[in-house]
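# A structural walkthrough
The chain contents come next:
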Amino acid sequence: MTMDLTLLKTQRKSFRTSFTVCAKKIDDELLKEAPELTQLSILKSQISDKFARLETCQAEITNLILKTEDAEQAYEEDFLSAEKYRDKYIELCSQIEQLYLKDSSTKDFSEKRKFKLPKIELKKLDGDAKNYLSFWSQFRKIHEDSSLPNEDKFQYLLQAVVPKSKAARVIESFPAKADNYQKAISQLQERFGRNDLLVQIYVRDLLSMVTKNAATGRSKTDLPALYDELEAKIRALVSLGRTQEKYGDFLSPLVESCLPEEVLVAWERSRNHSFTETKESRTLEQLMNFLRQEVKGEEMVNLARTGFASNQSSRQKELHNDHVKQSESTTASALVSLQTPGKRIHNCIFCDKSHPSEKCFSARKMTLAAKQKLLLKKGACFSCLKKAGHLSKFCNVKNQLNCSHCNNRHFDIMCDKNNESKCVPKPENSLSNCSKSETIFLQTLCVLIRYQGQQELIRVVMDSGSQSSYISEKIITQLKASPLRTETVIHALFGGRN
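The shown structure was predicted, so the numbers you read here are calculated from the model rather than taken from an experiment.

Scoring rules and cut-offs
- Residues numbered from 1 in each chain as written.
- Predicted model: local features only at pLDDT ≥ 70, side-chain atom pairs only at ≥ 80, totals over all residues.
- Heavy atoms only, no water.
- Pairing = 2+ DSSP bridges.
- Helix = DSSP H or I, 4+ residues; strand = E, 2+ residues; numbered from the N terminus.
- Axes fitted to C-alpha atoms, helices over the stretch in contact; angles between N-to-C directions.
- Parallel < 35°, antiparallel > 145°, perpendicular 65-115°, else oblique.
- Left-handed = near helix turned anticlockwise from the far one by under 90°.
- Contact = heavy atoms within 4.5 Å.
- Nonpolar A, V, L, I, M, F, W, Y, C, P; charged D, E, K, R; others polar.
- Core = buried A, V, L, I, M, F, W, Y, C linked by side-chain atoms within 4.5 Å.
- Buried < 20%, exposed > 50% of the residue type's maximum accessible area, 1.4 Å probe, protein only.
- Domains from an automatic or database assignment.

This part is about the pairing of strand E2 (residues 454-462). Regular strands place side chains that alternate from one sheet face to the opposite one. Of the pairings in the sheet, the one linking strand E1 (residues 443-451) to E2 comprises nine bridges and is antiparallel in character. Note that in E2 the partner of Tyr 451 across the bridge is Gln 454. Linking two consecutive strands that pair antiparallel, namely E1 and E2, is a turn of two residues; a positive phi of about 50 degrees is found at Gln 452 within it.

Moving on, we get to the packing of helix H5 (residues 150-159) against helix H7 (residues 178-192). For any two helices packed against each other, the geometry is given by the interaxial angle and the distance between the axes. Taken N-terminus to C-terminus, the directions of H5 and H7 make an angle of 40 degrees; their axes are 8 Å apart at the nearest point. With respect to each other, H5 and H7 are oriented oblique. Classified by chirality, the crossing of H7 by H5 is left-handed. Residues Asn 150, Glu 151, Lys 153, Phe 154 and Leu 157 of H5 form the contact with H7, whose participating residues are Ala 178, Asn 180, Tyr 181, Ala 184, Ile 185 and Leu 188. Among the residues forming the contact of H5 with H7, the class breakdown is seven nonpolar, two polar and two charged.

The biggest cluster of nonpolar side chains holds 51 residues, and the ones touching the most others in it are Phe 135, Phe 139, Leu 157, Leu 188, Leu 230 and Leu 291. Broken down by element, this core gets its largest block of residues, eight residues, from helix H8 (residues 195-215). Domain assignment of the residues forming this core places at least three in each of domain 2 (129-193) and domain 3 (197-270 + 285-293). For Leu 291, the contacting residues outside a window of four places in its chain are Tyr 227, Leu 230, Val 255, Leu 259 and Val 263. Listed in part, the 13 residues of the second largest apolar core include Cys 348, Ile 349, Leu 375 and Ala 380.

See below:
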């Protein structure tokens, strides 16, 4: 029997060596950043086979040991030795199973999501205690990650603070070592994350809103913005343990003092209609619910006011702008404007104002040499007066020009004889008293007429010698207007003949 036990232990030693080599391969694969599941599956099958043969041999050894004289002590030592291999086998199988489950859940989740999520950036702490809660809610995932060493966590912490800020000075006061990471976190929480400090900050913010409301005389304010600000501060206090159930009696008067007078009156009226005079009629939850309903109502009112009229008002504004663009002035000069409707007017090359360069009044006072010098400086053509990137002799517009003074191919304003003229030629867009003109223009006026919900922008010609007023049939047809009465009008020429 002793001979059989020795042979079995020799066989078990070989099994254990083979098991240890396979377990080492599995550990090395699990330590990789991206373990290969196929290789792990093969190794798991191999180690399961080796462990099964080891267990069979171990069972035979155990039976022989129990038959010996000193069985109790020998069995205990042999059992503890065999138990180490059982624990190692269970541990490796468990790790491989967890890796399978993680990979399976990742595949299922990625199959459901058909879009790529944006990269999450760490929110940086600048030393303002108001931002600590949002910072810690994000950095907490790194802090509680047991797979990361403290050295890496310290580096992430250094990157999560604004350089040269108060928070950065606190963190950088510790050497970047693993032992100092927990100390740096504790110091950061002590400086910026204490609950009593954050509670005082948010309560003082509420008090500042009360003071601001009192300074403005409780005038009407932007209720949705006010509600969002109040809700943010109350939620921050709730996250700090100052719940509405415990501290509602203290917070409710502060919130009421932040409200405009008309909202406060509506709240009192609503409370009197909805609740009885009990201790529960002025809770903070009821007040916030009331403000929420008021915000919803105000948004619906704004939608009703602007929803249907937006397109009509924008169309009216567009039509009005078109009329204004077609006529920059309300004088008779706009009635005979030579500008093409809808064509964009470039700024004057001489004075940078919004009128054609060839009609610039300031340029008419300049000498021809001064005008040519200015055009050369701005890189403009002498013929078309534009920054077209060509010389005057290569200008395509040149053949279409004809000076009224010398019949050469340029604008009148660029003629050297223009300065010698005693009478300055009139611009096409303005009235003129020049005696050379044979045309007289009447005064005009832009008028917006309305009739039964319809309106039209028209131009009125003012004739001081006329004894009657007229309107075109086109306007009457567009407005669908009906005549009030009929009159017979007789027009007579000078001399009395009809």
